[in-house]
Amino acid sequence: MFQNWPEHTAHVKKAFGELGKNHPKMLQAYGALEQAAAAEALDAKTRELIAIAVAITTRCESCISVHAAAAAKAGATESEIAGALATAISLNAGAAYTYALRALEAVDAQR
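In the nomenclature of an unreviewed UniProt entry, the protein is known as Alkylhydroperoxidase AhpD family core domain protein of Kingella denitrificans ATCC 33394.

See the structure below:
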């Protein structure tokens, strides 16, 4: 196992809470972003599936931990989560592919 995810999630939430106590305006601003996202047309499960996909593309273990727990709580199935992860994997591959084209262009320009 890569991580004790429930323990990691609890640690992240505790640390986030402590940061919020010391910097309440920052916590309020972050909370406002979450409230705004929740007010849009996507349901909680869909938002969490997107969040997991974004979390792996940004390589944020804390985000993975928190949003995996939230996705499970929102009723996301293993198949739905796998679909979100497959989409993120394909996007990462696509981004690498397009940056490979830039690398080739840079090499050609140096010749």
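Still to come is the rest of the account.
Student: Any chance you could explain the packing of helix α1 (residues 5-22) against helix α2 (residues 24-38) here in plain terms?
Tutor: Axes are the key here: two packed helices are described by the angle between their axes and the distance separating the axes. Following both chains from N to C, one finds α1 and α2 inclined at 120°, their axes separated by 5 Å at the closest point. For the element pair α1 / α2, the angle class is oblique. Listed contacts from α2 to F16, L19, G20, K21 and N22 of α1 are P24, M26, L27 and Y30. Residue composition of the contact of α1 with α2, grouped by class: 6 nonpolar, 2 polar and 1 charged.

Student: Would you explain the pattern of salt bridges in this entry?
Tutor: Between side chains of opposite charge, a pair can form when the charged atoms approach closely. Under the definition given, this model contains 2 salt bridges. Residue K45 is joined to E80 by a salt bridge in which the shortest nitrogen-to-oxygen separation is 2.9 Å. Pair noted here: K45 is in helix α3 (residues 44-58) and E80 is in helix α5 (residues 78-110), with a separation of 35 residues, a long-range link. The class of K45 is partly exposed, set by a relative accessible area of 23%. Residue classification places E80 among the partly exposed positions, given a relative accessible area of 29%. One salt bridge in this structure joins R111 and D108, with 3.8 Å as the shortest N-O distance.

Student: Just to check I follow, could you spell out the UniProt feature "domain: Carboxymuconolactone decarboxylase-like" (unreviewed entry) in the protein for this structure?
Tutor: If you check UniProt for "domain: Carboxymuconolactone decarboxylase-like" (unreviewed entry), the listed places come out as residues 24-106 in our numbering. Segment residues 24-106 splits into 87% helix and 0% strand. End C-alpha atoms: 46 Å apart.

Student: For this particular structure, what's the right way to read the nonpolar core?
Tutor: The nonpolar side chains of a soluble globular protein tend to be buried, and buried together. Of all hydrophobic cores here, the largest spans 5 residues; its members are L49, I52, A71, A76 and A84. Those residues within four positions of A76 in sequence are excluded, and the remaining contacts are K45, L49, A71 and I81.

Conventions used here
Residues numbered from 1 in each chain as written. Predicted model: local features only at pLDDT ≥ 70, side-chain atom pairs only at ≥ 80, totals over all residues. Heavy atoms only, no water. Axes fitted to C-alpha atoms, helices over the stretch in contact; angles between N-to-C directions. Helix = DSSP H or I, 4+ residues; strand = E, 2+ residues; numbered from the N terminus. Parallel < 35°, antiparallel > 145°, perpendicular 65-115°, else oblique. Contact = heavy atoms within 4.5 Å. Nonpolar A, V, L, I, M, F, W, Y, C, P; charged D, E, K, R; others polar. Salt bridge = Lys/Arg side-chain N within 4 Å of Asp/Glu carboxyl O. Buried < 20%, exposed > 50% of the residue type's maximum accessible area, 1.4 Å probe, protein only. UniProt positions renumbered as here; feature names shortened; annotations may be inferred. Core = buried A, V, L, I, M, F, W, Y, C linked by side-chain atoms within 4.5 Å.

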